[in-house]
Amino acid sequence: MYRYDEFDHKIVRDRVDQFRGQVKRRLAGDITEDAFKPLRLMNGVYLQLHAYMLRVAIPYGTLSSKQLRMLAHIARTYDKGYGHITTRQNIQYNWPALVDIPEVLDQLADVEMHAIQTSGNCIRNVTSDQYAGATEDELEDPRVWCEIIRQWSTFHPEFSFLPRKFKIAVSASKKDRAAVKIHDIGLYLKENENGDVGFEVLVGGGMGRTPYIGQTVRDFLPKEHLLSYLEAILRVYNTLGRRDNSYKARIKILVNAEGIEKIQEMVEAEWAKIKSENLDVPQTEIDRIQAYFTPPAFEDLPATSEALTKARGASENFDRWVTHNVNPHKQDGYAIAVISLKDHGTAPGDVTDAQMELIADLGEKYSFDEIRTTHDQNIVLPHLKQDDLFEVWQQLHAAGLGQANSGLISDIIACPGLDYCNLANTRSIPLAERLQRRFQDPERQGLIGELKIKISGCINACGHHHIGHIGILGVDKKGEEFYQITLGGSEDKDAAIGDIVGRGLSTDEVVDAIERLVDYYLTQKQGEERFLDTYKRLGAEPFKEALYETA
Amino acid sequence: MKLLNLQDKKVTPLSPQDTTMPFEEWQSGDAADALALPHDLDLASVDLDFSKVKRLDLFFPIYRDGRAFTQARLLRTRHNFIGDIRATGDVLRDQFLFMVRCGFESFILTPEQDEHGFLESLAEYDHFYQTSADKAQPVWQLRIAQQKLVGAA
Ligand code: SF4
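Residues numbered from 1 in each chain as written. Chains lettered and ligands numbered in written order. Predicted model: local features only at pLDDT ≥ 70, side-chain atom pairs only at ≥ 80, totals over all residues. Heavy atoms only, no water.

### Section: the overall build of chain B
Helix and strand counts for chain B stand at 5 helices and 7 strands. Along chain B, helices and strands appear, N-terminal first, in the series β-β-β-α-β-β-α-β-α-β-α-α. A principal-axis box enclosing the C-alpha atoms of chain B has dimensions of 60 × 40 × 30 Å. Carbon together with sulfur atoms contributes 54% to the accessible area of chain B, which is approximately 7500 Å² in total. Averaged over its 17 positive side-chain charges, chain B has a centre that lies 7 Å from the centre of its 23 negative ones. (Helix = DSSP H or I, 4+ residues; strand = E, 2+ residues; numbered from the N terminus. Areas by Shrake-Rupley, 256 points an atom, 1.4 Å probe, with all protein chains shown as cover. Lys, Arg positive; Asp, Glu negative; His and termini not counted. Charge placed at Lys NZ, Arg CZ, Asp CG, Glu CD.)

Encoded structure:
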């Protein structure tokens with residue numbers, strides 16, 4: 001993975017000192033909370049319902065064990081013993097004291113981490129495929145480009161006060177695990193007819209109260225022009241994006257108001273003018289960064305492991321975990337494993353300091369010191385020997401991390417909701433827990449198969465409910481909590497916004513209603529069909545009837 | 001109000017002679033030394049001749065509105081404007097470095113604002129990752145220069 005050189009170190013250290021000064025001015029009363037707000041926001045410090053919240057960047061979700069141990073240490077020392085993995089692959093602490101935050105940042109800088117641009121109307125942490133560099137269906141490692149984007153976007157002098165926040169994701173696989181199409185800019189690495197590798201560039205995707213799927217603004221961009229092209233898009237957006245209404249300020253609104261052809265015309269015209277302005281990093285720099293992402297020293301192993309087959313036969317729980325949480329690796333004899341942070345009696349994405357320590361140890365010992373966080377709020381060990389899987393699983397299982405539910409109905413994404421967030425209409429986390437309890441039976445979960453439930457506590461859609469196979473949105477009806485259901489959303493290459501099916505359901509009704517929905521699907525399921533496939537085949541009507549018990 | 005000038009790093013009271021012509025007047029043909037551009041003017045493709053203007057004022061209605069950053073950079077890189085670019089409106093210490101990097105050279109401050117803090121903020125960073133309108137070499141260029149040094153030694 002990428003390592004800082006003296007320049008990276010200096011920039012991050014300078015940021016810590018700068019923020020220390022800003023906090024000092026605030027605590028001394030030299031600046032008001034109003035004036036402090038933009039400064040802390042640029043550094044991931046929010047004021048939540050109960051306390052300040054600090055969001056630490058995990059660039060494109062890649063961590064070393066040393067870094068994860070530091071995150072555990074911070075959870076233990078400055079928070080209540082846990083952290084929360086977010087849908088941008090970052091980690092959030094809900095209880096740090098403002099006066100401690102400069103010290104936390106200083107310690108993070110020791111392990112090449114920071115909180116830069118994890119909030120504010122700037123370019124946010126770039127996200128990617130959590131299986132990057134390990135998966136067999138990938139063209140090349142997208143993290144090389146993520147790191148190039150990270151550096152370029154850090155303290156960009158022109159684009160740090162955009163109309164609204166700006167999110168970029170990169171994927172290089174056939175299957176889109178990074179929800180690229182719901183980003184302000186989405187990048188798919190692809191090969192053209194000549195065998196050259198470049199980017200398909202999408203623009204204008206996003207969640208929130210007006211969700212949109214990104215549209216292609218350029219079908220093929222030669223790789224080496226990435227930064228100048230991004231710069232052209234950002235410049236058009238910074239100039240023309242709406243600033244009169246923050247709900248209409250994302251680039252998706254501009255794209256849909258102007259139409260993609262007009263946007264394309266403007267971006268291409270701008271790019272033509274700046275292409276040769278020395279904005280793109282040269283090949284030597286691309287090579288330098290690329291070198292950090294050379295694959296680890298894999299051993300030559302047989303494609304299948306006898307030890308694994310034997311262990312699967314001996315333990316039903318382990319077998320189930322392998323079925324749902326273990327994925328094919330590009331290297332024979334290796335595998336990618338998902339550690340589920342769901343359905344273990346805590347909020348989706350929560351992980352304790354002790355669990356982080358354990359995962360760090362496992363990553364160091366078994367996974368070439370690499371650990372990943374995922375946008376669906378789980379953790380991944382990307383490079384495990386199949387021979388080691390049983391040993392790894394036993395240790396995870398003992399620590400309450402052995403849930404075999406990756407991609408299943410209990411692998412729920414939920415935003416913080418009313419428990420933490422001051423914009424919320426409803427609670428999200430308790431509903432996730434109730435659903436997880438209802439569908440506890442592993443046998444039944446396996447039968448249901450891939451089903452993505454996503455919950456947002458308000459229209460801002462931090463829980464991505466629009467793209468859940470089943471989406472749940474919290475609404476407020478005269479002071480009472482209600483849940484609105486959407487069906488048929490997807491975040492993959494076939495990305496789609498779910499259909500709103502009808503009236504909101506009360507807290508008492510919602511779990512039963514979703515169970516009826518799932519049961520109906522099971523009666524209709526043909527062959528290997530997932531919930532989403534059956535829904536697409538039959539349409540919304542019968543599902544609606546099941547949901548509202550009108551049939 | 002006071003004026004901070006980047007060239008001599010000095011603060012002077014804003015003189016009453018220091019006037020600026022509104023954009024519409026200038027467009028209708030009046031000559032001007034100093035001109036205030038509307039903050040929603042798209043400078044990417046307009047064909048305007050600023051060669052006789054000595055100073056252009058760009059406006060930050062509120063710190064969050066970052067359009068003037070793009071305007072300044074375009075004035076420097078596309079319009080090759082070499083005169084003074086002045087920041088007016090909500091000009092914050094913590095955006096000062098970004099403004100300088102985008103090509104601003106003078107700044108209107110309120111009487112309470114501490115110009116020393118502004119100038120100190122310029123020293124808060126040694127390196128920058130990206131090319132902008134200032135003379136700073138981006139980090140990738142420094143890396144290459146360093147490689148060459150190592151190679152030569
Ligand atoms: S979706 Fe709403 S309730 Fe949930 S975290 Fe976002 S703003 Fe808060």
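Picking up where we left off.
### Focus: the overall build of chain A
Secondary structure assignment for chain A yields 18 helices and 21 strands. On C-alpha atoms alone, chain A measures out to a radius of gyration of 23 Å, which is about the 24 Å that the 2.2 N^0.38 rule sets for 551 residues. Projected onto its principal axes, the C-alpha positions of chain A cover 60 × 60 × 60 Å. Contacts in chain A between residues far apart in sequence, at least 24 positions, make up 68% of those at least 6 positions apart. Summed over its atoms, the accessible surface of chain A is roughly 19800 Å², and 49% of this surface lies on carbon and sulfur atoms. Side chains of chain A carry 65 positive and 83 negative charges; the gap between the two charge centres is 5 Å. (Rg over C-alpha atoms; globule rule 2.2 N^0.38 Å. Contact = heavy atoms within 4.5 Å.)

### Some details on helix α16 (residues 507–524) of chain A
Taking 1.5 Å of rise per residue, 18 residues should cover 26 Å, and α16 of chain A covers 27 Å from first to last C-alpha, within 8% of that figure. Considered for burial, the residues of α16 of chain A that qualify are Val510, Val511, Ala513, Ile514, Glu515, Leu517, Val518 and Tyr521 of chain A. (Expected span 1.5 Å × (residues − 1). Buried < 20%, exposed > 50% of the residue type's maximum accessible area, 1.4 Å probe, protein only.)

### Points about the packing of helix α10 (residues 306–314) of chain A against helix α11 (residues 316–325) of chain A
All names here are of chain A. One way to put it is that α10 packs onto α11 with a least axis distance of 5 Å and a crossing angle of 125°. By the criterion of interaxial angle, the relationship of α10 to α11 is oblique. Residues Leu308, Ala311, Arg312 and Ala314 of α10 pack against Glu316, Phe318, Asp319, Val322 and Thr323 of α11. Residue composition of the contact of α10 with α11, grouped by class: 5 nonpolar, 1 polar and 3 charged. (Axes fitted to C-alpha atoms, helices over the stretch in contact; angles between N-to-C directions. Parallel < 35°, antiparallel > 145°, perpendicular 65-115°, else oblique. Nonpolar A, V, L, I, M, F, W, Y, C, P; charged D, E, K, R; others polar.)

### Observations regarding the packing of aromatic side chains
For the coordinates displayed, the defined rule picks out 30 aromatic pairs over all chains. For the ring pair Phe318 of chain A and Phe390 of chain A, a centre distance of 4.9 Å and an interplane angle of 70° mean the geometry is edge-to-face. Residue Phe318 of chain A is located in helix α11, and its partner Phe390 of chain A is located in helix α13 (residues 389–398); the two are separated by 72 residues in the primary sequence. When its relative accessible area of 0% is taken as the criterion, Phe318 of chain A is described as buried. Among the aromatic residues, those joined into a ring-pair cluster are Phe161 of chain A together with Phe60, Tyr63, Phe69, Phe96, Phe98, Phe104, Phe107 and Phe118 of chain B. When the ring centre of Trp271 of chain A is taken as reference, the NZ or CZ atom of Lys275 of chain A above it lies at 4.3 Å. (Phe/Tyr/Trp six-rings, centres within 6.5 Å; stacked < 30°, edge-to-face > 60°. Lys NZ or Arg CZ within 6 Å of the ring centre and 35° of its normal.)

### Some details on the sheet that holds strand β1 (residues 2–5) of chain B
The pairing of strands in a sheet comes from backbone hydrogen bonds and takes either a parallel or an antiparallel form. Residue and element names in this part refer to chain B. An order of β2-β1-β7-β6-β5-β4-β3 is seen for the 7 strands of this open sheet, with the pairing classed as mixed. Taken across any chain shown, the strands that pair with only one partner, and hence form the sheet edges, are β2 (10–13) and β3 (21–22). Pairing geometry for strand β4 (residues 34–36) and strand β5 (residues 55–60), over 3 bridges, is parallel. Its bridge partner being in β5, Leu35 is matched across the sheet by Leu56. Against the sheet, helix α2 (residues 67–77) contacts β5 and β6 (84–89), and its axis sits at roughly 160° relative to β5. (Pairing = 2+ DSSP bridges.)

### Some words on the pattern of salt bridges
Per the stated rule, a full pass over the model turns up 67 salt bridges over all chains. Across the salt bridge formed by Arg13 of chain A and Asp106 of chain A, the nearest N and O atoms sit 2.8 Å from each other. In this pair, Arg13 of chain A sits in helix α1 (residues 6–27) while Asp106 of chain A sits in helix α4 (residues 101–110), placing the two residues 93 residues apart along the sequence. A relative accessible area of 28% places Arg13 of chain A in the partly exposed class. The class of Asp106 of chain A is partly exposed, set by a relative accessible area of 22%. Note that Arg20 of chain A and Asp106 of chain A form a salt bridge whose closest N and O atoms lie 3.3 Å from each other. Here Asp106 of chain A lies in helix α4 and Arg20 of chain A lies in helix α1, a separation of 86 residues in the sequence. For Arg20 of chain A, a relative accessible area of 33% gives the class partly exposed. Salt bridges here are not isolated pairs; linked through shared partners, they connect Asp5, Asp8, Glu147, Arg150, Glu285 and Arg288 of chain A together with Arg143 of chain B. (Salt bridge = Lys/Arg side-chain N within 4 Å of Asp/Glu carboxyl O.)

### Focus: the confidence of the model for chain B
Residues and elements named next belong to chain B. Within chain B, residue pLDDT values average 93, and 99% of them lie at 70 or more. The weakest mean pLDDT in chain B belongs to helix α5 (residues 139–152) at 88; the strongest belongs to β6 at 98. Among the scores for the predicted complex, ipTM is 0.96 and pTM is 0.95. (pLDDT = per-residue confidence, 0-100.)

### Digging into the nonpolar core
Grouped together as the largest cluster of nonpolar side chains are 155 residues, with contacts concentrated most on Leu71 and Trp321 of chain A together with Leu37, Phe104 and Phe107 of chain B. Broken down by element, this core gets its largest block of residues, 9 residues, from helix α6 (residues 226–240) of chain A. Setting aside its immediate chain neighbours within four residues, Trp321 of chain A contacts Val326, Ala337, Val338, Leu389, Trp393, Leu396, Gly402, Gln403 and Ala404 of chain A. One finds Leu431, Leu451, Ile514 and Phe543 of chain A within the second-largest nonpolar core, a separate group that totals 30 residues. (Core = buried A, V, L, I, M, F, W, Y, C linked by side-chain atoms within 4.5 Å.)

### Remarks on the interface of chain A and chain B
On the side of chain B, 35 residues touch chain A, which itself brings 44 residues to the contact. Of the roughly 3700 Å² buried between chain A and chain B on both sides combined, carbon and sulfur atoms contribute 55%. It is Phe7, Pro157 and Phe161 of chain A that lose the most area in chain A upon contact with chain B, and together they represent 20% of the buried surface on that side. Connecting chain A to chain B are 9 salt bridges. In this structure, Asp5 of chain A engages Arg143 of chain B in a salt bridge whose closest nitrogen and oxygen atoms are separated by 2.6 Å. Applying the counting rule to chain A against chain B returns 26 residue pairs in polar contact (both at pLDDT 80 or more). Secondary-structure elements contributing two or more residues to the side of chain A that touches chain B are α1, α2 (33–41), α5 (143–153), α6, α8 (260–274) and α9 (283–291) of chain A. Of the residues belonging to the side of chain A that touches chain B, the class tally is 16 nonpolar, 10 polar and 18 charged. (Buried area = accessible area lost by both parts, 1.4 Å probe. Polar contact = N/O pair within 3.5 Å; in protein donor to acceptor, adjacent residues only side chain to side chain.)

### Focus: empty space enclosed by the protein
Considering all chains together, one arrives at 8 cavities of 30 Å³ or more under this definition. Of the voids in this model, the largest cavity is the one considered here, and its volume is about 320 Å³. What lines the largest cavity is a set of 25 residues, and nearest its centre among them are Gln18 and Phe155 of chain A together with Asp94, Phe98 and Tyr125 of chain B. Partitioning the lining of the largest cavity into residue classes produces 13 nonpolar, 7 polar and 5 charged. Each of domain 1 (6–110) and domain 2 (142–291) of chain A contributes no fewer than three residues to the lining of the largest cavity. Estimated volume of the second largest cavity: approximately 120 Å³. Forming the boundary of the second largest cavity are 15 residues, of which Trp152, Leu227 and Val281 of chain A together with Tyr129 and Trp140 of chain B lie nearest the centre. Secondary-structure elements contributing two or more residues to the lining of the second largest cavity are α5, α6 and α9 of chain A together with α5 of chain B. (1 Å grid on protein atoms, 1.4 Å probe; cavity = no way out; pocket = protein on both sides within 12 Å on 5 of 7 lines; lining within 4 Å. Points joined across faces, edges and corners; volume = space filled by probe spheres on them. Domains from an automatic or database assignment.)

### Let's talk about the sheet that holds strand β4 (residues 82–85) of chain A
Residue and element names in this part refer to chain A. Judged by pairing direction, the sheet is antiparallel, and its 5 strands sit side by side in the order β1-β2-β5-β4-β13 without closing on themselves. Looking at strand neighbours, the two that pair on one side only are β1 (45–47) and β13 (350–352), the edges of this open sheet. The sheet shows a mean angle of 30° between the axes of neighbouring strands, direction not considered. As judged from the 3 bridges shared by β4 and β13, these two strands associate in the antiparallel manner. Residue Gly83 lies in a different strand from β13, and its bridge partner there is Val351. Packing of α2 onto the sheet brings it into contact with β1 and β2 (52–56), and relative to β1 it is tilted by some 135°. Seen against the sheet, helix α12 (residues 353–366) touches β4, β5 (91–93) and β13 and runs at an angle of roughly 80° to β13.

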